[in-house]
Amino acid sequence: MTRSSHARLGAIGERIAARYLERQGMAVLARNWRASGPARGELDLVARDGGVLVICEVKTRRHGSAGAPLEAVTPRKVLQLRRLATAYLAATGTTAGGIRIDAVGVTWPATGGRAQITHVAGIG
């Protein structure tokens, strides 16, 4: 898969994940929020679930390629997401009653059709 096709697949997966979270009653506040400085990186989706700020890492895969999507969310990645969540709060002035890190895996079936979504709340 080329870099541009990989990026397109990821962008489609993030749109699907955002719609899924909204259907679950969450409000999506930001997509692809980037931080610079010590907490450099990107948050795929930032949402609000009641009073809780939800940082959502989205992983998209074609069925059978590179393992299951959520296998790529390592403890090191969760730590980076926590740092980025703190940077997001500071940069935007957003307040929250808590922060939760979620992961959404989007998998395209080998035979085509609708994407399968796996949502794990509170991964770290």
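Our subject is the structure that appears above.
All values derive from a computational prediction rather than experimental measurement. Position numbers for residues start from 1 in each chain and track the written sequence from start to end. Per-residue local features are limited, in this predicted model, to residues with pLDDT of at least 70; the limit for side-chain atom pairs, both in listing and counting, is 80 or more; totals at the level of whole chains, interfaces and linings are taken over all residues. With hydrogens and water excluded, all non-hydrogen atoms of the structure serve as input to the side-chain values.

Draft legend 1. Main features of the pairing of strand 1 (residues 27-35). Think of it this way: DSSP has to see at least two bridges between two strands before they count as a pair. Starting at the N terminus, helices and strands are each numbered in turn, a helix being any DSSP run of H or I of at least four residues and a strand any DSSP run of E of at least two. Examined bridge by bridge, strand 1 and strand 2 (residues 41-49) share 7 bridges and lie antiparallel to one another. Within strand 2, the residue paired with Trp33 across the bridge is Leu43. Where strand 1 folds back on strand 2, the antiparallel hairpin that results is connected by 5 residues, among which Gly37 adopts a positive phi of roughly 85°.

Draft legend 2. Representation of the sheet that holds strand 1 in the model. Taken in spatial order, the 5 strands line up as 1-2-3-4-5 in an open sheet, and their pairing is mixed. The open sheet has two edge strands with one neighbour each: strand 1 and strand 5 (116-120). With direction set aside, neighbouring strand axes in the sheet form an average angle of 30°. Here, residues are in contact when the closest pair of their heavy atoms is within 4.5 Å. Fitted lines through C-alpha atoms serve as axes, helices being fitted only where they are in contact, and the angles separating the N-to-C directions of these axes extend from 0 to 180 degrees. Running over the sheet, helix 2 (residues 75-92) touches strand 1, strand 2, strand 3 (52-62) and strand 4 (98-108) and is turned about 100° from strand 1.

Draft legend 3. Just the packing of aromatic side chains, in detail. By convention, a stacked pair of Phe, Tyr or Trp rings (six-membered ring in the case of Trp) has centres within 6.5 Å and planes under 30 degrees apart, an edge-to-face pair has planes over 60 apart, and any other such pair is tilted. Overall, the coordinates contain 1 aromatic pair when judged by the stated rule. When the centroid spacing of 5.2 Å and the interplanar angle of 85° are considered together, the rings of Trp33 and Tyr88 count as edge-to-face. Placement of Trp33 in strand 1 and of Tyr88 in helix 2 is noted, with a sequence separation of 55 residues between them. Each member of the pair, Trp33 as well as Tyr88, carries the same accessibility label: buried. Burial classification: accessible surface area is computed with a 1.4 Å probe over protein chains only, and a residue below 20% of its type maximum counts as buried, one above 50% as exposed, and the rest as partly exposed.

Draft legend 4. Examining unusual backbone geometry more closely. At Asn32, a residue that is not glycine, the phi angle is positive and equals roughly 50°. Tracing the backbone through its elements, the reader meets Asn32 in strand 1.

Draft legend 5. Inspection of the nonpolar core at higher detail. Trp33, Leu43, Val46, Ile55 and Tyr88 are the most contacted members of the largest nonpolar core, which totals 14 residues. Listed by contribution, the elements that provide at least two residues to this core are strand 1, strand 2, strand 3 and helix 2. The element that contributes the greatest number of residues to this core is helix 2, accounting for 5 residues. Not counting residues up to four positions away in its chain, the partners in contact with Trp33 are Gly41, Glu42, Leu43, Leu84, Ala87, Tyr88, Ala91 and Thr92. In this structure, Met26, Leu45, Cys56 and Val104 belong to the second largest nonpolar core, which totals 13 residues. For our purposes a nonpolar core is just a set of buried Ala, Val, Leu, Ile, Met, Phe, Trp, Tyr and Cys residues, chained together by side-chain atoms within 4.5 Å.

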